[in-house]
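Each chain, written out:
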There are 2 protein chains.
Amino acid sequence: MASKIASTKSVKNQTALLAAGHWLMLSVAINVGFLLKLIHDGNLRIDWYGLHNGQDNGGHLSSYAAEPKPDGQIQNKYINLDHGDPTMYQSYWKQMGDRTDVVISGWQSVSYFSDTKTVCWFLEPGFANAVTRLHKLVGNAETGNRHIVVGTGSTQLFQAVLYALCPYDAPEPMSIVSAAPFYSSYPLITDCLKSGLYKWRGEVDDFNKEAPYIELVTSPNNPDGSIREAVFNGSGQILVHDVAYYWPQYTPISSRADHDIMLFTLSKSTGHAGMRLGWALVKDEAIAKKMVKFIEISSIGVSKDSQVRAAKILDVINDSYEDSKTSNESKRFFDYAREEMAKRWSQLREVVNKGQAFSLPTLPVGECNFSHHTFATQPAFAWLKCEQVDDCESFLKQHKILTRGGVHFGSSEKYVRASLIGHEEDYNEFIRRLSLINSVESP
Amino acid sequence: MASKIASTKSVKNQTALLAAGHWLMLSVAINVGFLLKLIHDGNLRIDWYGLHNGQDNGGHLSSYAAEPKPDGQIQNKYINLDHGDPTMYQSYWKQMGDRTDVVISGWQSVSYFSDTKTVCWFLEPGFANAVTRLHKLVGNAETGNRHIVVGTGSTQLFQAVLYALCPYDAPEPMSIVSAAPFYSSYPLITDCLKSGLYKWRGEVDDFNKEAPYIELVTSPNNPDGSIREAVFNGSGQILVHDVAYYWPQYTPISSRADHDIMLFTLSKSTGHAGMRLGWALVKDEAIAKKMVKFIEISSIGVSKDSQVRAAKILDVINDSYEDSKTSNESKRFFDYAREEMAKRWSQLREVVNKGQAFSLPTLPVGECNFSHHTFATQPAFAWLKCEQVDDCESFLKQHKILTRGGVHFGSSEKYVRASLIGHEEDYNEFIRRLSLINSVESP
């Protein structure tokens, strides 16, 4: 309510400034600015924020109220866009009713073992089949002559890849590189245990490119959505492709990805982050075996329950596209998700373009082989640049918008990464606040 | 069938040797020995064995046919007792019918977050409640003033503990010690990434006990079932208690364990190894937070699906003991499991005591505060010693019994660890083969 008044007044404020020289109106403008600040800074550090991390949260996940706020209360709350929590997808799965329900009996998930005939002995055959079927349907990755390795999210698979690719007896830790801006978790994961096997080098260009090194190629990229290829090109190069966002709701599918090691995750494909499930498609059997060995040592496999559930969900998606009857009943998953992302990006670009406070990257347009729609990449995150402020993260925090600052991604603090896949209420409030800021900051 | 003949003949063989000097009978004895060897060595290295590990399996999990074999085929197959795969429990949960069924809807497990009001933001409140209730029921651990941290098995929690206790900026990696025989996975997990934070020292006694070091106290101990306390007693000592087997089916519950850091796992309590779920009870909030941080970095939380299922299963157990009506309907979980372990240990001790080939440790007897039964610790594993052979693992392998050799546990190769919590058919076949060996090797 108070914000609504503020919003109305800030429009007046702009008009006032344009009229210029009128002291009374200038005074109103100053008051409005002060009012805005009060509204946005009032009740600073509400309960959950900073509760678990006394210090700076360092771009990690910290505690976060993921539930949408009741109407009318949201205006005074922090909007947390720091994490890519894919709660946007929840309403879709609710609409689907009991079609994706799974019943699991008490005697299931007793043994450690799922399928002793495959390299990945803890991979549930139903999940493996559903993954293969989905890739064939979407056409986003080659599955032939590849091993599927399941992991506790693609996060664990990333560590499994490092373990598999870095020889235990090498004199020096292997360099892990990625062009900035890179996913902020890469350096954290790589260096958290001070491993003697590998070491994060980020974007530095002065390492020995003749010796083996690993380049992480994330495409579409997290955080900026760019479509990427390897950039370092040394003779020692080993490539790992993080294709978590190579799905038709985020980017046109131009071809089947056909790399040696590709990492996928359920969090960003179907939106089931709480399942903690990812998979790798791996060409080389020896590498797949070493990845399996890592997952064996570090967690003796991966939750069977989540694999069973994921298989059901993926198969419901597969069926909906293969069976024309189902397809008429309700919107199919990737259609829903592409349209939702398109709507959000359209709102975001509109509000950003209305002023001079922010800018967004231009992203490539293409035709999608899956949907046959032509559209620009519409990533799960906005890589937002503050045009008039140095520390964009702190600036937005003053307006109760929590984002992850550019420095965590090896970039400038003028940038932030903001999640666009949260609850609709939070998203709308984010757009409303950006609009307010833009109108105040762009006189 | 062939083995039955061999068994009958080997009894005759013993008689023959006792009669002594009779050449014809001695020849029969030699033939029986040869026959046994043929039966047990025939079809060596069947499909799954060694399939995934070209080299020695190093005491790790390798692929393993967990399914029971159809009757009549088991005699020629390898019996895999290398892993503690708790398939013994499957028949109990099958008997329970749909009481432990869980229905999970498609819209569940979308968010990363479970409960942002607790230190462990990915801990499902229902699971936390069920765990607390179970400890109160069984009386095996103090839960007051403690934080529950959930992990992808206690394996991940062990790593989280190391991360939490070892300062990042220490000049030297912290020493991790444990009295032999120790759980074979400890050194593998500790050293697999050549961490600069910690280093496995095992049982060595020459490290600096003034400087901080971590002693792992596993009680009842894996592999030998002994009841343990800390043994190194230096001033720098930090204790971590692995109490995975401190449940009333394995050992009398003598008191509520009240240590600073205690690790539990579902695999060995209810037998749901495929859920990959463990929990830690942690006194110090700062340590709990750092453990949570590790799990955040390494897997962004723990499967919600498994937590939801586990909550249901634990609550069915809790209800069965609290509600007298349910308790009459069928055997309650811990009663079933204690009786099953008692039966297996009684069979094992009987067959071992019949000859001189093997021995087992003597384990302490006590009254259980939970069941009020008086019994000796009856561990999930047998710590079996070959009395007449040096390499016990290889010897048993010749008889198609796969176990884990003592060297993996920091002990002598005269010992092996054999799982006693597998399928009944496998267990019975193990007992039958031990009996055969004992009768041949104990003239």
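Residues numbered from 1 in each chain as written. Chains lettered and ligands numbered in written order. Predicted model: local features only at pLDDT ≥ 70, side-chain atom pairs only at ≥ 80, totals over all residues. Heavy atoms only, no water.

Brief notes about the overall build of chain A
If you tally the helices and strands in chain A, you get 13 helices and 16 strands. For chain A, the residues scored as buried account for 60% of the 443 residues in total. Within chain A, residue pairs in contact and separated by at least 24 positions form 73% of the contacts whose partners lie at least 6 positions apart. Just so you have it, chain A exposes about 17000 Å², and 52% of that area is on carbon and sulfur atoms. (Helix = DSSP H or I, 4+ residues; strand = E, 2+ residues; numbered from the N terminus. Buried < 20%, exposed > 50% of the residue type's maximum accessible area, 1.4 Å probe, protein only. Contact = heavy atoms within 4.5 Å. Areas by Shrake-Rupley, 256 points an atom, 1.4 Å probe, with all protein chains shown as cover.)

Some remarks on the environment of His408(B)
Along the chain, His408(B) turns up in the loop between β15 (404-405) and β16 (415-419). Along the backbone, His408(B) and Phe182(B) are 226 residues apart, and their C-alpha atoms lie at a distance of 8.5 Å.

Re the relation of the copies chain A and chain B
Aligned on chain B, chain A shows an RMSD of 0.0 Å; the corresponding rotation is 180° and the shift along the axis is 0.0 Å. The symmetry that links the two subunits is that of a two-fold axis. (Least-squares fit on C-alpha atoms with pLDDT ≥ 70 in both.)

Let's talk about the sheet that holds strand β7 (residues 237-242) of chain A
Residues and elements named next belong to chain A. Spatially, β3-β9-β8-β7-β6-β4-β5 is the arrangement adopted by the seven strands of the open sheet, whose pairing is mixed. Since the sheet does not close on itself, it has two edges, and those belong to β3 (147-151) and β5 (198-202), each with one partner. Each strand axis lies, on average, 25° off the axis of its neighbour in the sheet, ignoring direction. For strand β4 (residues 174-177) and β5, the ladder comprises four bridges, and the chain directions are parallel. Following the sheet pairing, Val177 is matched in β5 by Gly202. Packing against the sheet, helix α5 (residues 153-165) makes contact with β3, β4, β5, β6 (213-218), β7, β8 (261-265) and β9 (278-282), and its axis sits at approximately 160° to β8. On top of the sheet, helix α8 (residues 285-299) reaches β3, β8 and β9; it is set at about 20° to β3, its chief contact. (Pairing = 2+ DSSP bridges. Axes fitted to C-alpha atoms, helices over the stretch in contact; angles between N-to-C directions.)

Side note on the state of the cysteines
By the definition in use, this model includes two disulfides over all chains. Residue pairing for Cys386(A): its cysteine sulfur links by disulfide to Cys392(A), the two sulfurs lying 2.2 Å apart. Here the disulfide of Cys386(A) and Cys392(A) is right-handed, its torsion about the S-S bond being about 60°. We classify Cys386(A) as buried; its relative accessible area is 1%. A relative accessible area of 0% places Cys392(A) in the buried class. Left without a disulfide partner, Cys166(B) is nearest to the cysteine sulfur of Cys192(A), which lies 12 Å away. Taking the relative accessible area as the measure of exposure, Cys166(B) reaches 1% and is therefore buried. (Disulfide = S-S within 2.5 Å.)

Observations concerning unusual backbone geometry
A cis amide bond links Ala180(B) with the next residue in sequence, Pro181(B), at an omega value of -5°. Tracing the chain through its elements places Pro181(B) in the loop between β4 (174-177) and α6 (185-191). Cis geometry is found at the peptide bond from Asn222(B) to Pro223(B), where omega equals 25°. Mapping Pro223(B) onto the fold places it in the loop between β6 (213-218) and β7 (237-242). Of note in this structure, Arg276(A) is not a glycine but carries a positive phi near 55°. Following the sequence through the fold, Arg276(A) ends up in the loop between α7 (266-269) and β9.

Some details on the interface of chain A and chain B
Each side of the interface is counted separately: chain A has 79 residues, and chain B has 80 residues. Counting the surface lost from both chain A and chain B, the interface buries some 6700 Å², and carbon and sulfur atoms represent 57% of this. At the boundary of chain A and chain B, one finds two salt bridges. On inspection of chain A and its partner chain B, the count reaches 53 residue pairs in polar contact (both at pLDDT 80 or more). Listed by contribution, the elements that provide at least two residues to the side of chain A that touches chain B are α3 (90-95), β2 (102-104), α5, α6 (185-191), α7, α8 and α9 (304-322) of chain A. At seven residues, the largest contribution of residues to the side of chain A that touches chain B is made by α8(A). (Buried area = accessible area lost by both parts, 1.4 Å probe. Salt bridge = Lys/Arg side-chain N within 4 Å of Asp/Glu carboxyl O. Polar contact = N/O pair within 3.5 Å; in protein donor to acceptor, adjacent residues only side chain to side chain.)

What to know about the side chain of Asn222(A)
Residues and elements named next belong to chain A. Relative to the elements of secondary structure, Asn222 occurs in the loop between β6 and β7. Separated by 3.0 Å, the side chains of Asn222 and Arg417 make a polar contact. The residues contacting Asn222, other than those within four sequence positions of it, are Pro181, Phe182, Tyr183, Tyr245, Phe381, Phe409 and Arg417.

Digging into the confidence of the model for chain A
Here chain A averages 86 in pLDDT, while 82% of its residues score no lower than 70. pLDDT under 50 marks residues 1-70 of chain A. Its contacts with residues more than four places away, or in other chains, come to 108 contacts. (pLDDT = per-residue confidence, 0-100.)

Examining the nonpolar core
Counting 239 residues, the largest nonpolar core has Leu348(A), Phe430(A), Leu348(B) and Phe430(B) as its most contacted members. Among all residues touching Phe430(B), those that are not within four sequence positions of it are Ile79(B), Leu81(B), Leu348(B), Ile401(B), Ala418(B) and Leu420(B). (Core = buried A, V, L, I, M, F, W, Y, C linked by side-chain atoms within 4.5 Å.)

Considering the packing of aromatic side chains
Throughout the structure, instances matching the rule amount to 56 aromatic pairs over all chains. Taken together, a centroid distance of 6.3 Å and an interplanar angle of 65° make the contact between Trp247(A) and Trp279(A) edge-to-face. Of this pair, Trp247(A) sits in the loop between β7 and β8 while Trp279(A) sits in strand β9, and the two are 32 residues apart along the sequence. Of the aromatic side chains, those joined through ring pairs into one cluster are Tyr89(A), Tyr92(A), Trp93(A), Phe127(A), Trp247(A), Phe264(A), Trp279(A), Tyr321(A), Phe333(A), Phe334(A), Tyr336(A) and Phe370(A). The positively charged end of Lys94(B) is found above the aromatic ring belonging to Trp107(A), 4.8 Å away from the centroid. Sitting above the plane of the Tyr168(A) ring, Lys194(B) keeps its charged end 5.1 Å from the centroid. (Phe/Tyr/Trp six-rings, centres within 6.5 Å; stacked < 30°, edge-to-face > 60°. Lys NZ or Arg CZ within 6 Å of the ring centre and 35° of its normal.)

Some thoughts on the side chain of Ser178(B)
Residue and element names in this part refer to chain B. Within the element layout of this structure, Ser178 appears in the loop between β4 and α6. Polar contacts involving the side chain of Ser178 include one to the main-chain carbonyl oxygen of Leu216, which spans 3.0 Å. The contact partners of Ser178, leaving out residues within four places of it in the chain, are Trp200, Gly202, Glu203, Leu216, Arg228 and Phe232.

Brief notes about the pattern of salt bridges
Per the counting criterion, the structure on display carries 40 salt bridges over all chains. Arg133(B) is paired through a salt bridge with Asp315(B); the nearest N and O atoms lie 2.9 Å apart. You can see Arg133(B) sitting in helix α4 (residues 125-138) and its partner Asp315(B) sitting in helix α9 (residues 304-322), a full 182 residues away along the chain. When its relative accessible area of 25% is taken as the criterion, Arg133(B) is described as partly exposed. With a shortest N-O distance of 3.4 Å, Arg332(B) and Asp335(B) are connected by a salt bridge. The buried category is assigned to Asp335(B), whose relative accessible area is 15%. Shared partners join several salt bridges into a network, and the residues in it are Lys331(A), Arg332(A), Asp335(A), Arg338(A) and Glu339(A).

Thoughts on the sheet that holds strand β10 (residues 358-359) of chain A
In sheet architecture, strand pairing relies on hydrogen bonds along the backbone and comes in two forms, parallel and antiparallel. Residues and elements named next belong to chain A. In space, the four strands of this open sheet follow the order β10-β13-β16-β15, with antiparallel pairing throughout. The open sheet terminates on both sides in strands that have one partner only, identified here as β10 and β15 (404-405). The pairing of β10 with strand β13 (residues 381-386) spans two bridges and is classified as antiparallel. By the bridge assignment for β13, Phe358 is matched with Cys386.

Things to note about the environment of Ser111(A)
In this structure, Ser111(A) sits in the loop between β2 and α4 (125-138). A sequence separation of 171 residues divides Ser111(A) from Val282(A), and the C-alpha atoms of the two residues are 25 Å apart. Looking at Ser111(A), its side chain comes within polar contact range of the side chain of Asp85(B), at 2.6 Å.

Notes on the packing of α9(A) against α9(B)
When two helices pack together, their arrangement is given by the angle between their axes and by how far apart the axes lie. The contact between α9(A) and α9(B) brings their axes to 7 Å, and the two run at 115°. On the basis of their axis angle, the class for α9(A) and α9(B) is roughly perpendicular. As for the relative orientation of α9(A) and α9(B), their crossing is right-handed in sense. Along its contact with α9(A), which presents Asp305(A), Ser306(A) and Arg309(A), the element α9(B) presents Asp305(B), Ser306(B) and Arg309(B). For the contact of α9(A) with α9(B), the per-class residue count stands at no nonpolar, two polar and four charged. (Parallel < 35°, antiparallel > 145°, perpendicular 65-115°, else oblique. Left-handed = near helix turned anticlockwise from the far one by under 90°. Nonpolar A, V, L, I, M, F, W, Y, C, P; charged D, E, K, R; others polar.)

Some remarks on the environment of Val138(B)
All names here are of chain B. With respect to the helices and strands, the residue Val138 is situated in helix α4. Overall, the relative accessible area of 3% leaves Val138 in the buried class. Every residue in contact with Val138, bar those within four places of it in the chain, is listed here: Trp247, Pro248, Ile253, Phe334 and Phe370.

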